[in-house]
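Geometric and topological summary
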Amino acid sequence: MNALDFSPLFRSTIGFDRLMQLADAATADGGYPPYNIEVTGDNTYRLTMAVAGFKPEELDVTAKEGTLTVSGKAKQEAEQPRSLHRGIARRAFERRFQLADFIQVKSASLENGLLNVELERVVPEALKPRKIEIGGANGARPIEQKAA
C-alpha cells in the first residue's frame, strides 16, 4: 500500500486547506511523465521532463499565479501503423508544479524527447538586503534612497 491517507488530518485542522490539498496532490502523483528538477546555478533551475514521441505543438507550458503547468496531448494520425508492441505511451498528461516566490519561467525547449524548462529566481531590488552605513557619534548620515 503506497497511498497515504490524510483524511484524519483534514478532520482536525482549520485553515490549512491549501496545505492539505498540496500534500494530497503530491502523493497522488501517477508518475507519468517522469521528470527531474535540477539546480543549475545560484538562482537558476531546470525542469526536465521525458516526453518521448511528442512534438512541440502537442505540448503546452503555462505559468500562472505561482503554478507551472505542463500538459501534452498527442494528435491522432490519420493512418496508424500496425504495432506489435507499443511501449511509447504518448498518452495525454498534465503536471502541475507550485513555484516559490519570485520564480520566473525563462524558456522552454524540446530536444531528443526531453522538454527542458529553464527557471530563475528574480528577487526585486526592494526586497534584497542592503548595506547601511554607520555614521560617527556627531555625524550621523541619512540613508540615501536610490531612485527607482
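The model shown is predicted, which means the values in this text are computed figures rather than measured ones.

1. What about the side chain of Thr-48?
Along the polypeptide, Thr-48 turns up in strand 2 (residues 44-50). Residue class for Thr-48 comes out buried when judged on its relative accessible area of 10%. Within the local environment of Thr-48, its side chain forms a polar contact with the side chain of Asn-116, the two groups lying 2.9 Å apart. Thr-48 has contacts with Pro-34, Tyr-35, Asn-36, Glu-38, Leu-114, Leu-115 and Asn-116, leaving out every residue within four places of it along the chain.

2. Details of the pattern of salt bridges
Evaluated as defined, the whole model comprises five salt bridges. Salt-bridge contacts for Glu-118 lead to Arg-46; the nearest nitrogen and oxygen are separated by 2.7 Å. Of the two residues, Glu-118 sits in strand 7 (residues 114-121) while Arg-46 sits in strand 2, which places them 72 residues apart along the sequence. According to the relative accessible area criterion, Glu-118 is partly exposed, its value standing at 22%. Among the ionic pairs, Glu-94 bridges to Arg-96, the shortest N-O distance being 2.9 Å. A single salt-bridge network, built from bridges that share partners, covers Glu-38, Arg-46 and Glu-118.

3. Considerations on the sheet that holds strand 4 (residues 67-72)
The three strands lie next to each other as 3-4-5, forming an open sheet whose pairing is antiparallel. Both outer strands of the open sheet, strand 3 (59-64) and strand 5 (93-98), are each paired with one neighbouring strand and no more. Mean inter-strand twist for the sheet, computed between neighbouring axes without regard to direction, equals 15°. Looking at chain direction, strand 4 and strand 5 are connected through six bridges and run antiparallel. Residue pairing in the sheet places Ser-71 in a bridge with Glu-94 of strand 5.

4. Structural notes on the confidence of the model for the protein chain
Across the protein chain, pLDDT averages 82, with 72% of residues at or above 70. Across the protein chain, the element-wise mean pLDDT spans from 63 in helix 2 (residues 17-27) up to 96 in strand 2.

5. Structural notes on the environment of Leu-99
By secondary structure assignment, the location of Leu-99 is in the loop between strand 5 and strand 6 (103-111). Residues Leu-99 and Thr-67 lie 32 residues apart in sequence; the distance between their C-alpha atoms is 5.5 Å. Setting aside anything within four residues of it in sequence, one finds Leu-99 in contact with Gly-66, Thr-67, Leu-68 and Leu-119.

6. Thoughts on the sheet that holds strand 2
Spatially, four strands are ordered 1-2-7-6 in an open sheet, and the strand pairing comes out antiparallel. One side of each edge strand has no neighbouring strand; the edge strands of this open sheet are strand 1 (35-39) and strand 6. Taken pair by pair, the neighbouring strands of this sheet meet at an average axis angle of 20°, ignoring direction.

7. Points about the nonpolar core
Ranked by size, the top nonpolar core spans 15 residues in total, and within it Leu-47, Met-49 and Val-70 carry the most contacts. Mapped onto this core, the elements with two or more residues apiece are strand 2, strand 4, strand 5 and strand 7. The residues touching Leu-47, leaving out its near neighbours within four places in the chain, are Tyr-35, Asn-36, Ile-37, Leu-68, Val-70, Phe-97, Leu-115, Asn-116, Val-117 and Leu-119.

8. Examining unusual backbone geometry
Pro-33 follows Tyr-32 through a cis peptide bond whose omega is -15°. By the element assignment, Pro-33 lies in the loop between helix 2 and strand 1. The phi dihedral of Glu-65 is positive, around 50°, even though this residue is not glycine. Examined against the element boundaries, Glu-65 turns out to sit in the loop between strand 3 and strand 4. For Phe-102, which is not a glycine, the phi torsion comes out positive at approximately 70°. Structurally, the position occupied by Phe-102 is in the loop between strand 5 and strand 6.

Each value, and the rule that gives it
- Residues numbered from 1 in each chain as written.
- Predicted model: local features only at pLDDT ≥ 70, side-chain atom pairs only at ≥ 80, totals over all residues.
- Heavy atoms only, no water.
- Helix = DSSP H or I, 4+ residues; strand = E, 2+ residues; numbered from the N terminus.
- Buried < 20%, exposed > 50% of the residue type's maximum accessible area, 1.4 Å probe, protein only.
- Polar contact = N/O pair within 3.5 Å; in protein donor to acceptor, adjacent residues only side chain to side chain.
- Contact = heavy atoms within 4.5 Å.
- Salt bridge = Lys/Arg side-chain N within 4 Å of Asp/Glu carboxyl O.
- Pairing = 2+ DSSP bridges.
- Axes fitted to C-alpha atoms, helices over the stretch in contact; angles between N-to-C directions.
- pLDDT = per-residue confidence, 0-100.
- Core = buried A, V, L, I, M, F, W, Y, C linked by side-chain atoms within 4.5 Å.

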